[in-house]
Protein chains: 2
Amino acid sequence: MPSGGCSRVDGLPRVAIQAMNVGIVGLGAVGGSLGLDLRAKGHWVLGASRQAATCQHALACGAADRASTDLSALAAAELVFVCTPLAALAPTVAALAPHLEPSTIVTDVGSVKAAILEAVAPLWPNFVGGHPMAGTAESGLAAARAGLFAGAPYALTPTESTPPASCRQVAALAESLGSQVLHCSPQAHDRAVAWISHLPVMVSAALLQACASERDATVQPLAQTLASSGFRDTSRVGAGNPELGVMMARYNRQALLASLQQYRRSLDALIACIEREEWQALERWLQSAQAIGSAFDSRGG
Amino acid sequence: MPSGGCSRVDGLPRVAIQAMNVGIVGLGAVGGSLGLDLRAKGHWVLGASRQAATCQHALACGAADRASTDLSALAAAELVFVCTPLAALAPTVAALAPHLEPSTIVTDVGSVKAAILEAVAPLWPNFVGGHPMAGTAESGLAAARAGLFAGAPYALTPTESTPPASCRQVAALAESLGSQVLHCSPQAHDRAVAWISHLPVMVSAALLQACASERDATVQPLAQTLASSGFRDTSRVGAGNPELGVMMARYNRQALLASLQQYRRSLDALIACIEREEWQALERWLQSAQAIGSAFDSRGG
């Protein structure tokens, strides 16, 4: 096996990564991209997928050194990324557990953390919750690409029961891919992504639904013809993967509902402003939105 | 003066455009872009702005052949584009009228049409309502660019009192810039842009306002750090020019309120679905949003 690489991320200590046996369960866009980058860094990548065709594809495109439909093929892994959809995460860890050494670190890439940790930590104590904020518009292995994680935030959500050395190991691996690693509680993570990821999906989907309610035979096609980049941008995430949207709502239900209810209050204030023709108040409200947008732009990844 | 160019737009008749004296009042992003393209087509462009510095800039950057702070300088214009903000449109036409020949065609580029036509048509009967669906994120002459209108829809909203020859003349000029000209009633236009332009601005601004309501000292900066392209796209138009947003709401109030109320109903249905944990219904709703998004993508400009 080649010797391990070494990576430096600004503001973070230099971390030497020894080449490892890394397992990846779920060879989709994220799992496949991890495989491409980890192999490029000299790690030995053991892939697993329910589909034999996906395993073949992963070997052919260089996303894994070995790939199997059988989870026992990951027995030699020192660290396993579980990259399945959220609903399959806990069952996958349960199925995987009998095949692993107790020293094996298991981590995930799911967009919700509290519910996942609650379900998975009892199944595998050596578990580190993770969420790389890197995605692709498309799903599946065909959408995998090298360098997907470079420059993107990568949240880790250790709890009191998470072994600190395991968290450091996952952090080092993520940093070696160019990610900006940050640590937070699962609860803070879930509230934050409810605001900036899950709420936008719902707001954007509701925009598409509202537009489709127009029944006038002239106005509906006219709206479609006149729609330009502003509409496309605002409606893009609402037209994304429906299954993923359901998972966000199921597994982050409480935080998403709180965000939606606050959003509805913002909308109600806006509607009242326009109904009452309070144009100065509306201008202040839009100026404030502009300032909030700038604050996000200057912080965002 | 150079002889006029000739332009062919797919599906439209070949239209020969004689070189004309074209006036442009308001030398911002849209007015300036019109000036650049019209001069390139061989027209003689007479610009007007309230700011002497803007007049100088327009001459320097090639957006006008002559530029003045005095509307009487547009006396020789055969066709005038009024490119001021919506609130200044009717006062500008009133101030311009004494200087023009009755044969002069006046048109505008405002994003609302019914209220504008109601105010402007009595001031200048030879008026053609227009709305090029081409904009820039920035405003002002510095944001002007050649080719802004190429490939973009350009709505014209003639009424029973609009001289048909004047409408044809504006259409020919717009087509010569590469625009896809379409005709509709001012009312249909305003309902369509309420859905695809004005509602998205409000939906997107409400998203920013809702996110800013998060007061937790950990969650707020975490949300800003984790926000990525999905959030930026969904919130972009909500962080746009506040004055323009107020104009949309003032001049298209009725259509915008109808769209906002329908949007709130869509949002309420969604919230109820998540509250009741009706995941199959949520999946169908998101699948339907995805299909609506595809319909817009296949039609949109």
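Being a predicted model, the structure only gives us computed values, none of them experimental. By convention here, each chain's residues receive numbers from 1 onward along its written sequence. The lettering of chains begins at A and the numbering of ligands begins at 1, in the order of writing. Since the coordinates come from a predicted model, pLDDT governs what is reported: local features require at least 70, and pairs of side-chain atoms require 80 or more to be given and counted, while whole-chain, interface and lining totals use all residues. No hydrogens and no water enter the side-chain calculation; it runs on all heavy atoms of the structure.

Q: Quick rundown of the packing of aromatic side chains? Include the residues and the values.
A: Aromatic ring pairs are described here by two measures, namely the spacing of the ring centres and the angle between the planes. We call Phe, Tyr and Trp rings a pair once their centres come within 6.5 Å, taking the six-membered ring for Trp, and we label the pair stacked below 30 degrees between planes, edge-to-face above 60, and tilted otherwise. Counting across every chain of the model gives two aromatic pairs over all chains. Judged by centre distance (4.6 Å) and plane angle (35 degrees), the rings of A:Phe231 and B:Phe296 are tilted. Note that A:Phe231 is positioned in helix H8 (residues 229-236) and B:Phe296 in helix H11 (residues 279-299), a pairing that runs across two chains. Only protein chains enter the accessibility calculation, which uses a 1.4 Å probe; a residue whose area is less than 20% of its type maximum is buried, one above 50% is exposed, and one in between is partly exposed. A:Phe231 gets classed as buried once you look at its relative accessible area, which sits at 2%. Think of it this way: any DSSP run of H or I at least four residues long counts as a helix, any run of E at least two long counts as a strand, and we number them from the N terminus.

Q: An account of the environment of A:Ala52 is needed here, citing residue identities and associated values.
A: Residues and elements named next belong to chain A. Along the chain, Ala-52 falls in helix H2 (residues 52-61). Accessibility expressed as a relative area gives 48% for Ala-52, which makes it partly exposed. Considered as a pair, Ala-52 and Ser-204 are 152 residues apart in the sequence and their alpha carbons are 36 Å apart.

Q: So what about the pairing of strand E6 (residues 79-82) of chain B? Which residues, and what values?
A: Residues and elements named next belong to chain B. Across the two faces of E6 the burial is the same, with Leu-79 and Phe-81 and Val-80 and Val-82 all buried. Pairing between two strands requires that DSSP report at least two bridges joining them. Both strand E3 (residues 21-25) and E6 contribute to a ladder of four bridges, which runs parallel. When the bridges of E6 are listed, Val-25 appears paired with Val-82. Seen with its strands pointing away from the viewer, a crossover is right-handed if its path from the first strand over the helix to the second goes clockwise. In this view, the connection linking E6 to its parallel neighbour strand E7 (residues 105-108) by way of helix H3 (residues 86-96) has right-handed handedness.

Q: Just give me the short version of the confidence of the model for chain A, but keep the residues and values in it.
A: Regions with low pLDDT should not have their predicted coordinates read in detail. All names here are of chain A. Per-residue pLDDT for chain A has a mean of 92; in total, 93% of the residues score no lower than 70. You can read pLDDT as the predictor saying how much it trusts each residue, on a scale of 0 to 100. Note on contacts: a residue pair is in contact if any heavy atoms of the two residues lie within 4.5 Å. For residues 1-14, every residue scores under 50 in pLDDT, and the model assigns this stretch 24 contacts once sequence neighbours within four places are set aside. Here the predicted complex scores 0.90 on pTM and 0.90 on ipTM.

Q: How would you sum up H3(B)? Please name residues and give values.
A: Residue and element names in this part refer to chain B. Buried residues of H3: Leu-86, Leu-89, Ala-90, Thr-92, Val-93 and Leu-96, and no others. The arc enclosing the buried residues of H3, seen along the axis, measures out at 165 degrees, which places them on a common side. Contacts made by the buried residues of H3 are with E3, E6, E7, helix H4 (114-120) and helix H9 (242-251). For this quantity, the arc is that covered by the directions from the helix axis to the C-beta atoms.

Q: Outline the sheet that holds strand E9 (residues 130-132) of chain A, listing residues and values.
A: Residue and element names in this part refer to chain A. The strand order across the open sheet formed by three strands is E9-E10-E11, and the pairing between neighbours is mixed. Each having just a single partner strand, E9 and strand E11 (180-183) make up the two edges of the open sheet. Taking the axes of each pair of neighbouring strands and ignoring which way they run, one obtains an average angle of 20 degrees across the sheet. Between N-to-C directions, angles cover 0 to 180 degrees, with each direction set by a line fitted to C-alpha atoms, over the stretch in contact for helices. Packing against the sheet, helix H5 (residues 164-176) makes contact with strand E10 (153-156) and E11, and its axis sits at approximately 155 degrees to E11.

Q: Tell me about the nonpolar core, and name the residues and values.
A: Within the largest apolar cluster, 114 residues are counted, with the highest numbers of intra-cluster contacts made by A:Ile196, A:Tyr263, A:Leu282, B:Ile196, B:Tyr263 and B:Leu282. Here the element with the most residues in this core is helix H6 (residues 186-212) of chain B; it accounts for 16 residues. In this view, A:Leu282 contacts A:Leu270, A:Cys273, A:Ile274, B:Val246 and B:Ala249; residues no more than four positions away in its chain are not counted. Only buried residues count toward a nonpolar core, which is a set of Ala, Val, Leu, Ile, Met, Phe, Trp, Tyr and Cys residues joined through side-chain atoms within 4.5 Å.

Q: Now, about the relation of the copies chain B and chain A: what can you tell me, with residues and values included?
A: For these two chain copies, the linking operation is a rotation about an axis paired with a shift along it. For the pair chain B and chain A, the superposition axis carries a translation of 0.0 Å, the fit reaches an RMSD of 0.0 Å, and the rotation angle comes to 180 degrees. The relationship between the two copies is best expressed as a two-fold rotation axis. The rotation axis passes nearest to the C-alpha of B:Thr234 in chain B, at a distance of 2.1 Å. Most of the interface of chain B is mirrored in chain A, where 100% of its interface residues again form contacts. A least-squares fit on C-alpha atoms brings the copies together, and the residues used are those whose pLDDT is at least 70 in both copies.

Q: Provide a residue-level description of the pairing of strand E4 (residues 44-48) of chain A, including the pertinent values.
A: One face of the sheet, then the other: side chains in a regular strand alternate in exactly this way. Residues and elements named next belong to chain A. For E4, the buried fraction is high: four of the five residues fall into the buried class. Note that strand E3 (residues 21-25) and E4 share five bridges and pair parallel. Directly across from Gly-23, in E4, lies its bridge partner Leu-46. Following the backbone out of E3, through helix H1 (residues 29-40) and into the adjacent parallel E4, one traces a crossover that is right-handed. Taken together, the three bridges between E4 and strand E5 (residues 66-68) define a ladder with parallel strand orientation. Considered in E5, the bridge of Ala-48 is made with Ser-68. Handedness of the crossover joining E4 and E5 through H2 is recorded here as right-handed.

Q: Kindly report on unusual backbone geometry, identifying the contributing residues and their values.
A: All names here are of chain A. Not every positive phi belongs to a glycine, and Glu-277 is a case in point at roughly 55 degrees. Looking at the element boundaries, Glu-277 is found in the loop between helix H10 (253-275) and helix H11 (279-299). Taking relative accessible area as the criterion, Glu-277 reaches 43% and is therefore assigned partly exposed.

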